[in-house]
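Here is how the chains run, residue by residue.
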Amino acid sequence: MEAKERLQKYGPNEITEKKTSALVKFLGYFWGPIPWMIEVAAVLSAVLHRWDDFAIILALLLLNVTVGFWQENKADNAIELLKQKLALKAMVRRDNKWLEISAHEIVPGDIIRLRLGDIFPADVKLINGDYLLIDESALTGESLPVEKHVSDVAYSGSVIRQGEMDALVVATGMATFFGRTAKLVEEAKIQSHFQKAVIKIGDYLIVFALVLVALTFLVVLFRHESLLEFFQFALVLLVAAIPAALPAVLSVSMAVGAISLAKDGAIVSKLAAVEEMAGMDILCSDKTGTITKNELVLTEINPFQDFSENDVLLFASLASRGEDRDPIDDAILAGTKTLQDFSELAGSYRVLSFKPFDPVSKRTEATVEDSAGNRFLVTKGAPQVISALMESEVSVDSEVTVASKITTDSKVTVDSEDTPESRVEEYINEFASRGYRALGVGRTDAQGNWHFAGLLALYDPPREDSAETIRTAQAMGVDVKMITGDHLAIAKEISRQVNLKPDIMLATSFLDLPDRKAEKIVEDADGFAQVFPEHKYHIVELLQQRGHIIGMTGDGVNDAPALKKADAGIAVAGAMDAAKSAADIVLTKPGLSVIVNALIESRKIFQRMNNYALYRITETTRVLLFITLSILVFKFYPVTSLMIVLLALLNDAPIMTIAYDNVKYSDLPEKWDMRTLLSMATILGVVGVISSFGILYIGLHVFQLSHEVLQSFIYLKLSVAGHLTIFVARTKGYFWSVKPAKPLFVAVIVTQMIATLITVYGFLLPAMGWKLAFFVWGYSLTAFLITDFIKVRAYSLLNHTGIKFHI
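Presented here is a report on the structure given in the accompanying data block. Predicted, not measured: the structure shown is a model, and the values here were computed from it. (Residues numbered from 1 in each chain as written. Predicted model: local features only at pLDDT ≥ 70, side-chain atom pairs only at ≥ 80, totals over all residues. Heavy atoms only, no water.)

1. Considering helix α26 (residues 707-729)
Move 1: Compared with the 33 Å implied by 1.5 Å per residue over 23 residues, the 32 Å span of α26 between its first and last C-alpha is a close match.
Move 2: Within α26, 21 of the 23 residues are buried, which leaves the element mostly enclosed by the surrounding structure. (Helix = DSSP H or I, 4+ residues; strand = E, 2+ residues; numbered from the N terminus. Expected span 1.5 Å × (residues − 1). Buried < 20%, exposed > 50% of the residue type's maximum accessible area, 1.4 Å probe, protein only.)

2. Here's the deal with empty space enclosed by the protein
Move 1: As enumerated under the stated definition, the model contains 5 cavities of 30 Å³ or more in all.
Move 2: In this structure, the largest cavity occupies an estimated 150 Å³ of space.
Move 3: For the largest cavity, the lining is made up of 15 residues, of which G688, A721, T725, A783 and T787 are closest to its centre.
Move 4: For the lining of the largest cavity, the secondary-structure elements that each account for two or more residues are α23 (593-634), α25 (674-702), α26 and α28 (769-798).
Move 5: Considering each element in turn, the lining of the largest cavity owes the most residues, 5 residues, to α26. (1 Å grid on protein atoms, 1.4 Å probe; cavity = no way out; pocket = protein on both sides within 12 Å on 5 of 7 lines; lining within 4 Å. Points joined across faces, edges and corners; volume = space filled by probe spheres on them.)

3. Some words on a nonpolar patch on the surface
Move 1: On the surface, F745, V746, I749, V750, M753, I754, L757, Y761, W770 and F774 cluster together into a nonpolar patch covering about 940 Å² of accessible area.
Move 2: In terms of residue count, the dominant contributor to the nonpolar patch is helix α27 (residues 742-761) (8 residues).
Move 3: Looking at the element boundaries, L757 is found in helix α27.
Move 4: L757 gets classed as partly exposed once you look at its relative accessible area, which sits at 37%. (Patch = residues over 30% accessible without salt bridge, like charges linked within 9 Å, V, L, I, M, F, W, Y side chains within 5 Å. Areas by Shrake-Rupley, 256 points an atom, 1.4 Å probe, with all protein chains shown as cover. Salt bridge = Lys/Arg side-chain N within 4 Å of Asp/Glu carboxyl O.)

4. Description of the nonpolar core
Move 1: Counting 106 residues, the largest nonpolar core has M277, L614, V639, F713, I714, Y715 and M768 as its most contacted members.
Move 2: Looking at this core element by element, the count peaks at 19 residues for α23.
Move 3: I714 has contacts with F626, P638, V639, I695 and L696, leaving out every residue within four places of it along the chain.
Move 4: Core analysis: the next-biggest nonpolar cluster, separate from the first, contains 26 residues, I282, A518, V531 and A582 among them. (Core = buried A, V, L, I, M, F, W, Y, C linked by side-chain atoms within 4.5 Å. Contact = heavy atoms within 4.5 Å.)

5. Description of the pairing of strand β1 (residues 89-94)
Looking along a regular strand, one sees side chains alternate from face to face of the sheet.
Move 1: For β1 and strand β2 (residues 97-102), the ladder comprises 6 bridges, and the chain directions are antiparallel. Along β2, the bridge assignment pairs V92 with L99.
Move 2: Turn length for the β1-β2 hairpin, with the two strands adjacent in sequence and antiparallel, is 2 residues, and the turn residue D95 shows positive phi of about 55°.
Move 3: Bridge analysis of β1 against strand β3 (residues 111-114) gives 3 bridges, and the strand direction is antiparallel. Directly across from M91, in β3, lies its bridge partner R113. (Pairing = 2+ DSSP bridges.)

6. A word on the pattern of salt bridges
Move 1: Under the counting rule described, the total for this entry stands at 22 salt bridges.
Move 2: Between R496 and E493 there is a salt bridge whose closest N-O contact spans 2.7 Å. You can see R496 and its partner E493 sitting in helix α18 (residues 488-497), 3 residues apart, about one turn around the helix.
Move 3: Take R496: its relative accessible area is 54%, and that puts it in the exposed class.
Move 4: Looking at E493, the relative accessible area reads 13%, which means it is buried.
Move 5: For D788, the salt bridge goes to K791, with nearest N and O atoms at 2.9 Å. One end of the pair is D788 and the other is K791, both in helix α28 and 3 residues apart, which spans about a single turn.
Move 6: Given a relative accessible area of 0%, K791 falls into the buried group.

7. Structural notes on the packing of α26 against α27
Move 1: In contact at an axis separation of 10 Å, α26 and α27 are set at 175° when each is read in the N-to-C sense. In terms of axis orientation, α26 runs roughly antiparallel to α27. From α26, S712, Y715, L716, S719, V720, H723, I726 and F727 reach across to α27, where they touch L744, F745, V748, T751, Q752, A755, T756 and T759.
Move 2: For the contact of α26 with α27, the per-class residue count stands at 9 nonpolar, 7 polar and no charged. (Axes fitted to C-alpha atoms, helices over the stretch in contact; angles between N-to-C directions. Parallel < 35°, antiparallel > 145°, perpendicular 65-115°, else oblique. Nonpolar A, V, L, I, M, F, W, Y, C, P; charged D, E, K, R; others polar.)

8. Considering the packing of α23 against α25
Move 1: Two elements in contact, α23 and α25, have axes separated by 8 Å at closest approach and are oriented at 40°. Classified by the angle their axes make, α23 and α25 are oblique. Crossing hand, α23 versus α25: right-handed. The segment α23 lies against α25, with N610, A613, L614, I617, T618, T621, R622, L625, F626, L629, S630 and F634 engaging L677, L678, M680, A681, L684, G685, G688, V689, S692, F693 and L696.
Move 2: In the contact of α23 with α25, the residues fall into 15 nonpolar, 7 polar and 1 charged. (Left-handed = near helix turned anticlockwise from the far one by under 90°.)

Here it is, written out as structure tokens:
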């Protein structure tokens, strides 16, 4: 059966979640805290037979629900599209060719290749290869890996820890063991520190409103006023206090940031990580593929004994497999193409079996047959591992000369009294001092004894932008620590080339020390060499115990625990599926610059949320305090319940566009400065209350307006001044220091024109005419300029930590 026919028969290989329909989502918006209170206010209007108010409040309720649903649904759809880019890939054999396809295109009957670090895309039966060591903890809870062989069945969602095999797909999508389990499991949503802070601000505003409402209630009881009217008014007062736009602002801000990052080559799998990155102060960066190009080049070949340059390269190429797309294999195979007649030489050998690299054995191995039918083994891997294979000392000439100088004319001589192990070590150190990575090559003889054929020198040059990007990150207050499994000398040489400090330490320098001493060593070091994946986890843990917010990069299956442990786990370009699944952010482009872009974007998001919080607290303080004092002191309701509903809803419309606003980002890691935030909000709120009482006095004693017109007069002032507060709150300098984004500016103008037309022509509210409207605008603009001046002076007095900001 052809693949297309099987796809039509079985459907796509997808584990679909139980999705809520758009209609159910829309109806769910009617049961949020804000809609619920508006609904009660509408019912009380009906009880009081205020049918005009009832109809208007109901219409505004529908508008609020529709806008909220549309904004969050748009954000959800954007994130869903980004997550599709993280879909797993799989190697499948179709029409006798190996192809890389999206895992959801796999169908029962396909033959797929499974390698180290892959996540099983389907339930399979293993049909070819030696063995697989599989982590099934996600399915069974068993922490120890399970060994699988030919004819064994393996399940979707498992992670390959060792080995490589071919397998027959037997079940896909919801028909898999994992798919059936997924129906029963619902992932819990975890709030980030950022979300918790914003929600605490919302709680503060609600408590503040409840205190004022309770105080007003006692006064109403004492004055024997209508309790029914008070309850209606109290409900809409709470509507004004609750940050109704909070969910939408958070969702849209995160979505906008995630889309922006995706364009720069960073796909966000967990939105909370974007928020956490704003406070990240240490980045533990992998060397290969992040600081360097991950483009290995064969630079030297050092043959031992009677082996020639071509022999060493031949054995290394036979122990490589191009279809696996391994960077070391690719470098070796590319090196063979530079030599004449090499393909003819290699063609006389046939690979009978192949053992791929795994992190335990640290080598590859192949069984080879020559043209005469003789069989032998070839291997390549870590020089120490190849040296350990020798059953007896390798006979090395008293002087070993570099036989090939592909890019250098260096020559190394070794004392004849040295042991073979020390000679190999000396070569490794000499290579490492130039930033080269040594790779050992060996083969067996007719008796099956191993011989060290020689060493290959591989070089992975730093990326052109690494040094500048590291300087940028350091200027932003982020300490970059290079973490590599390579030799110490290689790490120091690469550090020198990219302007990192040279204090690179071995991972063993802190392993056996008490936590307090280990924490100090890890914090002070500029990086670590010869690091194993389990060391990465410990490094992250120790730094977190010192109070740091940690970003960690990784690409392998064994990096997954460290990526999960870090506050921001980052899977670099070309990472294995297991690393991608554990990471919060997956890079699709190589290099540190993508991470720095993510830092900048996260800090911009933080600033937008900080600006929103300042605006929201200021506006709530201004409106609620003014209304409450008017009732308590002057026995006067300055606005009606309907006006408060209009005020809340018209204010929420433009504030959602703050997600697109232009902001300045800090040059130091961000954290919530509640002292400054609440102090500034209080100052701006009190200034707003004073200006509101000023216009109330003018309306009463200068213009001598009637009660109804005076309420429209006050309403327009609260509306216009409230929106101008957005422009005060969004900058720490004067309001013109950062140009507002077009969506925000247009939204403010449009909503205020609506508010002005409503009060001028008497639609919904008593008409007051253009003369009074122009006065309100002039008064509000004057108050805005004074408030902005006070804000700048207040920030100066509060000594806002001296942080500089950049556009």
